[in-house]
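For reference, the chains in residue letters:
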Amino acid sequence: MVTALDVNPNKLIKNVAVKLEKEGLEKPKFVGYVKTGCHAERPPEQANFWYMRLASLLRQAYVRGTVGVNRLRRHYGGRKEHTVKPAHFRPAGGNTIRKGMQVLEKAGYMAKAPDGKGRVLTAKGRKLLDNAAKEVAK
């Protein structure tokens with residue numbers, strides 16, 4: 001049986017993003033106008049950025065188990081370039097991640113962890129990722 005861990009992550013995320021877009025999950029108004037963090041120079045230019053981020057959040061929950069906003073801020077962060085000083089790592093903004101997790105929770109793909117710290121993937125979310133992995137593997 002093929003799982004989400006067995007296939008190329010980029011292909012899996014693209015496939016899941018298309019499915020989430022067809023489902024019509026709500027998209028916040030600020031997406032496309034704001035940067036994803038202080039390390040980014042410009043806002044994302046992809047038309048389907050929001051659904052790609054949602055798919056990526058689902059995959060991170062699949063791989064890591066319990067995920068929280070702070071842990072994902074470090075995952076999506078990057079290098080902050082300076083003109084004179086050396087570059088340093090900066091975490092991503094938390095609002096986009098938090099709103100994405102709330103949308104996925106409303107849709108039933110994620111749920112709050114039993115211990116109250118972070119969120120975990122539900123059976124519906126695991127099924128979505130595994131079905132997408134089967135399609136990608138073909």
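One can find the structure itself at the top, above this paragraph.
Attention here is on the structure that accompanies the text. Computed from a prediction, not measured in an experiment: that's the story for all the values here.

## Concerning the environment of Leu-12
- Mapped onto the elements, Leu-12 comes out in helix 1 (residues 9-23).
- For Leu-12 and Ala-133, which are 121 residues apart along the polypeptide, the C-alpha to C-alpha distance reads 6.1 Å.
- Leaving out residues up to four positions away in the same chain, Leu-12 has contacts with Ala-4, Val-7, Arg-59, Leu-129, Ala-132, Ala-133 and Val-136.

## Brief notes about the pattern of salt bridges
- Within the structure shown, the criterion is met by four salt bridges.
- Two residues, Lys-19 and Glu-135, come together in a salt bridge whose shortest N-O distance is 3.0 Å. With Lys-19 in helix 1 and Glu-135 in helix 5 (residues 123-137), this pair connects stretches of sequence that are 116 residues apart.
- The class for Lys-19 is partly exposed, based on a relative accessible area of 24%.
- A salt bridge links Arg-42 to Glu-45; its shortest N-O distance comes to 3.4 Å. Just as Arg-42 is exposed, Glu-45 falls in that class too.

About the thresholds
- Residues numbered from 1 in each chain as written.
- Predicted model: local features only at pLDDT ≥ 70, side-chain atom pairs only at ≥ 80, totals over all residues.
- Heavy atoms only, no water.
- Helix = DSSP H or I, 4+ residues; strand = E, 2+ residues; numbered from the N terminus.
- Contact = heavy atoms within 4.5 Å.
- Salt bridge = Lys/Arg side-chain N within 4 Å of Asp/Glu carboxyl O.
- Buried < 20%, exposed > 50% of the residue type's maximum accessible area, 1.4 Å probe, protein only.

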